Amino acid sequence: MAAVRLDGLRAYVDDPEHTWRSLEKPPAPSERPLIGDQLTTSPTASSASTATEQVPAAASHPPSHRRPPTFHRVGGPRRCWDWVLAGDPGLGHLQAGWSSLVSMTVYLAVGYGMSNALGVPAMLGMLVCGLMGMVSSFAVAGSTPLRLARAILCLAIPYAAMLPLASWLHPDRPLELCLNVFTVALGNFLIRFGPIGMLIGIAMFSGFSVGVTADIPLEDCGPLFVIAVVASVAVLAARLLLCYPRPRKDLLRTQRAFVVQARRVVNAAATALDPDAGQAIAIRRISRALHRLNVTTVTIDGHLARPEVAADPHLAELLHQYLFDAELALQGIGKAVQQIAGRPVPAKLREAMAVALVIARDTHLGQLDALGPAAELIRQQTTAMPDGATVNEDEVRALARRVADLLDVLADALAHWLNLGWSSPTTQAKVSFQPTVALERNRPAGTGPAARRVGAAQGGSGWRRAVPYWRLTLHAGAAAAIVCPIADAINPSRYFWALIGVMITFGGTNTTHERLRKLAHRMVGTVAGAVIGIALLHLIGPGHIYWTLAVIVAAIAFGAWGFQRRYAYWLTGLVAALVQTYGLTTPYRDMDWLLTQRLMDNALGILVATACAALIFPVPTRKVAREAQRGYLSALEHLVGQVAVRWKEPDAPVRLRGAARGVDAALLQVQSAVLPLVRMPLAIRGRSGENLLALLGTATQHAHELAAAADIDIDLAPHLRTRVDHITEVFASSLHALDRQIATGERDGTWIRVSPVIHELESVLSGPPGQRADRLHVALRELAALEEVLASIADTRGLTIIAAPPAAVPVADGATTSPVPAGVPSAPPAVSRDAASAPAGSTIGASAGNKAARPLASAAAAEEPFRGAAGNAGAVTLTGSLRCPEHPRGCEAWIVVVTSQGERRALAQVAGGRYQVTGLTPGTYTLIVISTAHAPNAQSLLVRPADGEIRRDIVLPSAS
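Residues numbered from 1 in each chain as written. Predicted model: local features only at pLDDT ≥ 70, side-chain atom pairs only at ≥ 80, totals over all residues. Heavy atoms only, no water.

1. What to know about the confidence of the model for the protein chain
- Chain-level pLDDT for the protein chain is 78 on average; 79% of the residues reach the 70-or-more range.
- Taken element by element, the protein chain is modelled with least confidence in helix 32 (residues 833-836), mean pLDDT 32, and with most confidence in helix 11 (residues 221-242), mean pLDDT 93.
- pLDDT under 50 marks residues 1-6. Its contacts with residues more than four places away, or in other chains, come to 12 contacts.
- Here residues 809-873 scores under 50 on pLDDT; set against residues more than four positions off or in separate chains, the count is 94 contacts. (pLDDT = per-residue confidence, 0-100. Helix = DSSP H or I, 4+ residues; strand = E, 2+ residues; numbered from the N terminus. Contact = heavy atoms within 4.5 Å.)

2. Some thoughts on a nonpolar patch on the surface
- On the surface, L118, L153, I157, F225, V226, V230 and V233 cluster together to form a nonpolar patch covering roughly 530 Å² of accessible area.
- Among the secondary structure elements, those contributing two or more residues to the nonpolar patch are helix 8 (145-169) and helix 11.
- For the nonpolar patch, the leading source of residues is helix 11, giving four residues.
- Along the chain, V226 falls in helix 11. (Patch = residues over 30% accessible without salt bridge, like charges linked within 9 Å, V, L, I, M, F, W, Y side chains within 5 Å. Areas by Shrake-Rupley, 256 points an atom, 1.4 Å probe, with all protein chains shown as cover. Salt bridge = Lys/Arg side-chain N within 4 Å of Asp/Glu carboxyl O.)

3. Points about the packing of helix 8 against helix 9 (residues 173-189)
- Orientation of helix 8 relative to helix 9, taken along the N-to-C sense of each, is 150°, at an axis distance of 9 Å. Classified by the interaxial angle, the pair formed by helix 8 and helix 9 is roughly antiparallel. Handedness of the helix 8/helix 9 crossing: left-handed. For the pair helix 8 and helix 9, the contacting residues are M162, L165 and L169 in the first and L175, E176, L179 and T183 in the second. (Axes fitted to C-alpha atoms, helices over the stretch in contact; angles between N-to-C directions. Parallel < 35°, antiparallel > 145°, perpendicular 65-115°, else oblique. Left-handed = near helix turned anticlockwise from the far one by under 90°.)

4. Here's the deal with the sheet that holds strand 12 (residues 934-943)
- Across the sheet, four strands lie side by side as 9-8-11-12; this open sheet has antiparallel pairing. Sheet topology places strand 9 (904-909) and strand 12 at the edges, where each strand pairs with a single neighbour. Strand-to-strand twist of the sheet, defined as the mean angle between neighbouring strand axes without regard to direction, takes the value 20°.
- Each of strand 8 (893-899), strand 9 and strand 11 (923-931) is contacted by helix 18 (residues 448-457), which is oriented at about 155° to strand 11, the strand it contacts most. (Pairing = 2+ DSSP bridges.)

5. Some details on the side chain of S167
- Within the secondary structure, S167 sits in helix 8.
- A polar contact of 2.6 Å, which involves the side chain of S167, links it to the backbone oxygen of I216.
- Side-chain polar atoms of S167 contact the backbone nitrogen of L218, separated by 3.2 Å.
- Excluding its chain neighbours within four sequence positions, the residues that come into contact with S167 are I216, P217, L218 and C221. (Polar contact = N/O pair within 3.5 Å; in protein donor to acceptor, adjacent residues only side chain to side chain.)

6. Thoughts on helix 10 (residues 195-214)
- An ideal rise of 1.5 Å per residue puts 28 Å on 20 residues; helix 10 measures up with 28 Å between its terminal C-alpha atoms.
- Among the 20 residues of helix 10, 14 are classified as buried, and the element is accordingly described as predominantly covered.
- Residue D215 follows helix 10 closely and has a positive phi angle near 50°. (Expected span 1.5 Å × (residues − 1). Buried < 20%, exposed > 50% of the residue type's maximum accessible area, 1.4 Å probe, protein only.)

7. Side note on the nonpolar core
- One finds Y107, V184, L224, M591 and L595 to be the most contacted residues of the largest nonpolar core, which totals 98 residues.
- Residues in contact with M591, not counting those within four places in the same chain, are I534, L537, V579, Y582, G583 and T586.
- Counting residues in each nonpolar core, the second largest holds 71 residues, with W647, L696, I712 and A784 among its members. (Core = buried A, V, L, I, M, F, W, Y, C linked by side-chain atoms within 4.5 Å.)

8. Things to note about helix 23 (residues 567-582)
- The terminal C-alpha atoms of helix 23, which comprises 16 residues, lie 22 Å apart, in line with the 22 Å expected from a rise of 1.5 Å per residue.
- Judged by how many residues are buried, helix 23 sits mostly within the fold: 14 of 16 residues are covered.

9. Overview of the state of the cysteines
- Applying the stated criterion across every chain yields a total of zero disulfides.
- Counting only cysteine sulfurs, C484 is the nearest neighbor of C178, a cysteine outside any disulfide, at a range of 7.8 Å. (Disulfide = S-S within 2.5 Å.)

10. With respect to the pattern of salt bridges
- On inspection of all chains with the given rule, the structure shows 26 salt bridges.
- When the shortest N-O distance is used, the salt bridge between D711 and R646 registers 2.8 Å. Here R646 lies in helix 25 (residues 621-648) and D711 lies in the loop between helix 28 (688-709) and helix 29 (718-744), a separation of 65 residues in the sequence. Of the two residues, D711 and R646, both sit in the buried class.
- E762 serves as the salt-bridge partner of R781, at 3.0 Å between the closest nitrogen and oxygen. Taken together, the residues R781 in helix 31 (residues 771-796) and E762 in helix 30 (residues 755-764) connect sequence positions 19 residues apart.

The structure is reproduced here in structure tokens:
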């Protein structure tokens, strides 16, 4: 039978459209493990975070002729454009290039036409409008027509208003230089007011620079103002006609990118099963594909937070859940195949797995039922393996069965996800979607959130309270004041090139490493653009103005396309365009020296700005990296706390998958913060950074599995709830100890291990067998594994590792007792770090996969540090809500509590529009709200001994 079905699956690979119906019927949907189902211990229990019922995937598909275009756009077969979507989810980069092409063409055409109509030199009008087009190519964006109109007009008016000021001050050289320095400082100050403020600052600096450079007569400034406004209105009309913002379609393209990345993961896994393939290369391909899949999924979560993308928060939550489950299944398949690759596997089992993965890769998402017989055949092949197998064969059998189960899970998750594309859900999610991922330039945020938290926490009392607000302005102003006279002495006619270097240094960078990396990109892009531009200049030759304009427009469009991918791509297009402009007034033989001067002046400005940022109220890179790690620990603590609430209160509004996605976003921020400036060989740079990221990656995988497995309705007995509370409280106290060590560097903290207590809890659980019980045991094992990974990190940080005291549980006579796991002495000696290093079998620093635990410390030895970490007498809890008019579903933000001496006391993440800070002692504090969408908001907070609990609701002003 297996051979017949294997032949049928091979036939499906050759002809998937007609063969899949002839395969044996897959298991009924009720027999498959449904991700996101709410299994309860009582018929009346309800879900808090997912729908209470799931429609079987096979039954939910409408006929193919009734499927709307949305379904085919997202889940259709492979297309030639898929490789573009894979590298550019949502086609944001391509749209930026097309918008720049349209804008530059309209700006130059209107500038030329209006100049002739108003009697202004055509070259002057095209210069003014062309620079506006160049700025708009990277600084103007809008997801709605209103925002796009506001951005384009906010560029035109300040830009044109600076032209007469530059013309009037041109005869007074010292005043002109001082005002240019002032515009650089003002432009960086306006960044704190959001995208519009940044755009106004860039427009003012650009307008003043072009006014000084072109030596515009004062009488021409009025007509040029009219030309700039008319050109902006024309560009707005052209972009609304040809580049109309469609956020919903962008989301669909991003979903399609997820499908493309999913197929790449499955294809890499199928290739790794080929015994003739290079195993090391295949395993690396799987890792890269899994990373890209994760980034794409996190990006989709960020898009779902925009109201214009997903107007229904319940629909957005369901989409988020199904995508999370699909990614989790793909991650599991990839990891399982990585472990199988290179091992001896029976030929038929290897072939069955390879064919099943090929089917998953090539199957139209509307025919996901074909994965059922493929998964069933894998199970049959594992059953056919002989008994009395070796340990390796047992592991292969278990991994193969896991792949089969995950293929069923993947089919169900994707079927429900696609079902949302053609019909409304039959039951809404009990919790609406809440944003947990911040996007910057349509990508998951890097070091920005951590750097803003570090900067906001550095403010102290008195005048130092103003430092977080004026730091960037001071950096830019000081750098411009240093650079301007030096550049003017070297090259008086083009001193503004150095000021451009200062201006661009602080855009999109938060650390010294990022600024130096930007300098390297600028140098590489300038050299590449110069080579290409000079070659095109000689190819076109003098006098061909239309060909020159065509090259300028195309080069700027290419740069705008590559701006969000690599900064060097933008510089390549920009310099290639500038070479054509310089060629109109500069002899070709002098072009090399002119571009060399430009590169040197830019480098001077960037280096001086980087030095000022490192010396004047600096935000050190190491502090940003530590803050990113603390943010990761905070996200994990939030997830563990949400698991406890989910199990204790099934009706509570808990989003476990959302909390796990927040862990994903925090991990990406850590990766950005610890990225080295120059990648050196391991023998030179060491392995500390790689080891940390590997451990955090493992912890994130356990967090994903925990979130999916723990999302069930259970009815715990009171004594078991006590143990769950005990586990989560001790886990939270250990996370706080590790957080303090990362913040202060002190090695006197204690990590209290709870994995033995978790295993003991798992051993005493009793109940009817079934999927619900299996998922509960999986959740407990994943929680224990997560704690073991973090314990190994704590050990490398120098924390003392001890075992948690057992929780006191009620007994029959009303007294309490502390159960001790079987086989553990009642009072063994405490385990120190020195004893842990002895060859006694202790496992501090072991990997997550090693479930052996260090001998338990005595209850007396463990109880005292736990009490000290769990809470302080007289501590006050601060709670409240955070709202803003622009994000009704909740604003992604962090709460930083700073003492009157400028020391940070607490850090909390806002989840679902609410926050909680515990352990505040009486005193005066500053409450700072850090958000990617708003300027920092600071409030005074007085904590008195008798308060107990303080509520502070915060309403952020509109960012616009």
